[in-house]
Every structure is written in structure tokens, then in C-alpha cells.
Amino acid sequence: CPYYEQLQYAGDVRIQALVSLYNSPDDRLVRNAITQLRQSLSANGLTMSRYPSREAQYIPTFSLWWISMLHDYWMYRGDTAFVRANLPASRQILNYFAEKQHPNGSLNRFPDWPFTDWTKNLDWQVWGSVAPFTENGNSAPLDLQLLLAYQMASLLESQLGMSGYATLYADQCVRLTKTIRRLYWDEGRQLFADTPDRKLFSQHANVLAILTGVVQGTAARQLMERTLADTSLTQCTIYFKYYLHQ
């Protein structure tokens, strides 16, 4: 954010990094962002939400987007040595989240700011930035983002890291996928709800369900058509529209 906040927020930086990778063969800024955010890794297992910064702030979901950044860089640049050197940080982040999961894989409540997107929906808490969740933490957007991180980390570990981690993360993916389908799918509306009571629905949950392969093929295409057509869903803002377009 060179104009407005002048801080390097991981969630925003992932999208900006992709723009840079598409537009230039010079990837030094992307490598620098990945490195600096990794250097903010704390004893709690999370990277800071923004770094460098004088004030420590934690947005746990941004640590998950950092894993996505690492995956992006490998996919577009194939720099094996650089990505492999960053895998220990990915493992620490996922260990943090593993400790916050229920036995069925769904996330429990966790501290700090579980940011998803800026919305105008009053059902989204903290100025419209936190996706709905239950008392024990169940939230489709959060569970789905964790699933996406496990999928990317499993791929990186299988190709560049340790097979034991790849297997562990793949097992987490299987468990979490089954739980997401059971907790959030609403048969009547043919959509994924934000919470198990199936009263609130968003583009975010359904977009992530498609990107993670929870639904595939014709079913995914039909779900996307419903997601775009149903204006009653909480809409993605410009920040999350990258995932909507993807």
C-alpha cells in the first residue's frame, strides 16, 4: 500500500505480488515480501499481519495467505531452494492452526483478528471484516481458507519438503473437506452457508468451496452461477474479488 497505509499487509501483498509476477520478470519485491513476513514469525507460530512495522499486529488468516504466497512463487518461478528454505515457517503456522481445530477439523475460536474481507453486511463483525462464526468457532470461510492452506502446503511438502508433512496435511484435507460438506451445505438453497445454522450466506464461502475442490466439475460450475446470480449473498469487496474472479 504505497499510498494509503504504507504498510505491507500479507493479505493485500499476496494479490499485489501476483500482479508483479505477471507484469515483470524481476521478482525481487516478491521475494523480499515473503522474506520480511517470514522474519516477523513469532513464538506463537504466526507471522505478523504487516511487516516491517513498529507495532505488532496479528491477523491469523494473513499467515495462511503467506503460505499461499510461497505456493504462488514456486508455481510461477520454480525457485526450489528459496521455497524450501521457507517451509519451516509454513509448518509453524499450520501447527498453530492445528492446535485450534476441533476433532472434526473445523476451527475453534482463536485470538486476534480473523479477518476475511471488508463488507457492508452487519452480520459480519468488527466493522464488517470478520465472517460469521458460532460460539465454538465454526465458520465456513475460515475453515475453507485453512483447507486451502493445507492443500498448498501438502503440495509444497510433497515436491520440496518432507513426505511426512505432506501426508499429514493431506489427511487434514480429507477430514476437513468431509466436515465442511456436512456442516455448511444447505440442500434447499444449494449453497454453502457461513455457519452450521445455515441462516447466513456469502459469496466468500462458496467461492472458496470451489477453489478448494470441495465441489468440482458441473456441480462447481452450477454453484458459481448461483453465487454470481444471488444478490442476497454477502458480496465480495474489491479485496476478495480476486478469489471471486479466480
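Owing to the predicted nature of the structure, the values given are computational and were not obtained by experimental measurement.

A. Representation of the overall build of the protein. Helix and strand content of the protein: 10 helices and two strands. Taken from N to C terminus, the helices and strands of the protein fall in the order α-α-α-α-α-α-α-β-β-α-α-α. Burial analysis of the protein (246 residues in total) assigns 54% to the buried set. Taking the contacts inside the protein whose residues are at least 6 apart along the sequence as the reference set, 66% of them involve residues at least 24 apart. Of the accessible surface of the protein, which amounts to about 11,600 Å², a share of 53% is contributed by carbon and sulfur atoms. The centroid of the 22 positive side-chain charges in the protein is displaced by 3 Å from the centroid of its 21 negative side-chain charges.

B. Quick peek at the pattern of salt bridges. Per the stated rule, a full pass over the model turns up eight salt bridges. Across the salt bridge formed by Arg-77 and Asp-27, the nearest N and O atoms sit 2.9 Å from each other. Of the two residues, Arg-77 is situated in helix H3 (residues 60-77) and Asp-27 in the loop between helix H1 (10-23) and helix H2 (28-39); the sequence distance between them amounts to 50 residues. Residue Arg-77 is classed as partly exposed on the basis of its relative accessible area, which comes to 27%.

C. Focus on the packing of helix H8 (residues 203-211) against helix H9 (residues 217-229). Where H8 contacts H9, the two axes come as close as 10 Å, and the packing angle between them is 160 degrees. With respect to each other, H8 and H9 are oriented roughly antiparallel. Taken as a pair, H8 and H9 cross one another with a handedness that is left-handed. On H9, the residues that touch Gln-203, Asn-206, Val-207 and Ile-210 of H8 are Ala-220, Leu-223, Met-224, Thr-227 and Leu-228.

D. Focus on H9. Over its 13 residues, H9 extends 19 Å from the first C-alpha to the last, a length consistent with the 18 Å expected when each residue adds 1.5 Å. Those residues of H9 that fall on the buried side of the exposure criterion are Ala-220, Leu-223, Met-224 and Thr-227. In a view along the axis of H9, the buried residues occupy a sector of 100 degrees, so they form one face of it. Pointing more than 90 degrees away from the buried face of H9 are the exposed residues Thr-218, Arg-221 and Ala-229. Turning to H9, the residues buried within the fold contact strand S1 (185-186), strand S2 (191-192), H8 and helix H10 (241-245).

E. Spatial organisation of the nonpolar core. If you look at the biggest cluster of nonpolar residues, it comprises 73 residues, and the most contacted ones within it are Leu-94, Phe-97 and Leu-144. Apart from the residues within four sequence positions on either side, Leu-94 is in contact with Leu-64, Ile-67, Leu-146, Ala-149, Tyr-150, Ala-153 and Tyr-169.

What counts and what doesn't
- Residues numbered from 1 in each chain as written.
- Predicted model: local features only at pLDDT ≥ 70, side-chain atom pairs only at ≥ 80, totals over all residues.
- Heavy atoms only, no water.
- Helix = DSSP H or I, 4+ residues; strand = E, 2+ residues; numbered from the N terminus.
- Buried < 20%, exposed > 50% of the residue type's maximum accessible area, 1.4 Å probe, protein only.
- Contact = heavy atoms within 4.5 Å.
- Areas by Shrake-Rupley, 256 points an atom, 1.4 Å probe, with all protein chains shown as cover.
- Lys, Arg positive; Asp, Glu negative; His and termini not counted.
- Charge placed at Lys NZ, Arg CZ, Asp CG, Glu CD.
- Salt bridge = Lys/Arg side-chain N within 4 Å of Asp/Glu carboxyl O.
- Axes fitted to C-alpha atoms, helices over the stretch in contact; angles between N-to-C directions.
- Parallel < 35°, antiparallel > 145°, perpendicular 65-115°, else oblique.
- Left-handed = near helix turned anticlockwise from the far one by under 90°.
- Expected span 1.5 Å × (residues − 1).
- Arc of directions from axis to C-beta.
- Core = buried A, V, L, I, M, F, W, Y, C linked by side-chain atoms within 4.5 Å.

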